[in-house]
Amino acid sequence: MSCGDPHDTECGEVLDHLYEFLDNEMAEGDCVKLRVHFEECSPCLEKYGLEQAIKALIKRSCGCDDTPADLRTKVLARIDSIRAGQRTAQAQAEGGAGHGATTATAAAE
């Protein structure tokens, strides 16, 4: 999603981190970037408002139910697995970029 207007922070990046923002899980500097973006971008602000309303509805409807311990454990394990995969992919991308640059430098010599 993009409104088509240039922003310091891309719409895609804002939407990728929307739930972290809604859950107050972001550093203050990153929160400021998102707030500025919402002031400039009505489609992202609308998406933020919708997700905020859904979150409030879920909290109101399910807020008193305790999460089963096994479900919580499975969800946290899945999050850890995804984060580990992202770190591995990032490390491979960074390592591959460095390797390619070394190979190109060696070929040029």
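The structure displayed is predicted, hence computed values, not measured ones.

1. Thoughts on unusual backbone geometry
- With a phi close to 55°, Asn 24 is a non-glycine residue in the positive phi region.
- Within the secondary structure, Asn 24 is located in the loop between α2 (18-22) and α3 (28-40).

2. Focus: the pattern of salt bridges
- Applying the stated criterion across every chain, the model contains four salt bridges.
- The partner of Asp 23 in a salt bridge is Lys 55, and the shortest N-O contact between them spans 1.9 Å. Highlighted residues: Asp 23 in the loop between α2 and α3 and Lys 55 in helix α4 (residues 42-62), separated in sequence by 32 residues.
- Since its relative accessible area comes to 37%, Lys 55 is described here as partly exposed.
- Across the salt bridge formed by Glu 51 and Lys 47, the nearest N and O atoms sit 3.0 Å from each other. You can see Glu 51 and its partner Lys 47 sitting in helix α4, four residues apart, about one turn around the helix.
- For Lys 47, a relative accessible area of 32% translates into the label partly exposed.

3. A closer look at the confidence of the model for the chain
- Counting all residues, the mean pLDDT for the chain is 83, and 84% of those residues have values of 70 or more.
- Taken as a whole, residues 99-109 scores under 50 in pLDDT and shows zero contacts with residues more than four places along the chain or in a different chain.

4. Section: α3
- In a regular helix each residue adds 1.5 Å, so 13 residues correspond to 18 Å; α3 covers 19 Å between its end C-alpha atoms and thus fits that length.
- Burial in α3 covers these residues: Cys 31, Leu 34, His 37 and Phe 38. Projection of α3 onto a plane perpendicular to its axis shows the buried side chains occupying an angular sector of 120°, all on one side.
- Considering only its buried residues, α3 is in contact with α1 (11-16), α2 and α4.

5. Topic: the nonpolar core
- Counting 13 residues, the largest nonpolar core has Leu 18, Phe 21, Met 26, Leu 34, Phe 38, Cys 44 and Tyr 48 as the members making the most contacts within it.
- Non-local contacts of Leu 18, meaning those with residues more than four positions away in its chain, are made with Phe 38, Lys 47, Tyr 48 and Glu 51.

6. Details of α4
- An ideal rise of 1.5 Å per residue puts 30 Å on 21 residues; α4 measures up with 30 Å between its terminal C-alpha atoms.
- Looking at α4, one finds that the buried residues are Cys 44, Tyr 48 and Glu 51. The buried residues of α4 occupy an angular sector of 70° when projected down its axis, which confines them to one face. Opposite the packed face of α4, turned more than 90 degrees from it, sit the exposed residues Ser 42, Glu 46 and Arg 60.
- Where α4 is buried, its residues meet α1, α2 and α3.

7. So, the state of the cysteines
- Under the definition given, this model contains zero disulfides.
- No disulfide involves Cys 41; its nearest neighbouring cysteine sulfur is the one of Cys 44, lying 3.6 Å away.
- Overall, Cys 41 belongs to the buried group, its relative accessible area being 1%.
- Looking at Cys 44, the relative accessible area reads 0%, which means it is buried.

Calculation notes
Residues numbered from 1 in each chain as written. Predicted model: local features only at pLDDT ≥ 70, side-chain atom pairs only at ≥ 80, totals over all residues. Heavy atoms only, no water. Helix = DSSP H or I, 4+ residues; strand = E, 2+ residues; numbered from the N terminus. Salt bridge = Lys/Arg side-chain N within 4 Å of Asp/Glu carboxyl O. Buried < 20%, exposed > 50% of the residue type's maximum accessible area, 1.4 Å probe, protein only. pLDDT = per-residue confidence, 0-100. Contact = heavy atoms within 4.5 Å. Expected span 1.5 Å × (residues − 1). Arc of directions from axis to C-beta. Core = buried A, V, L, I, M, F, W, Y, C linked by side-chain atoms within 4.5 Å. Disulfide = S-S within 2.5 Å.

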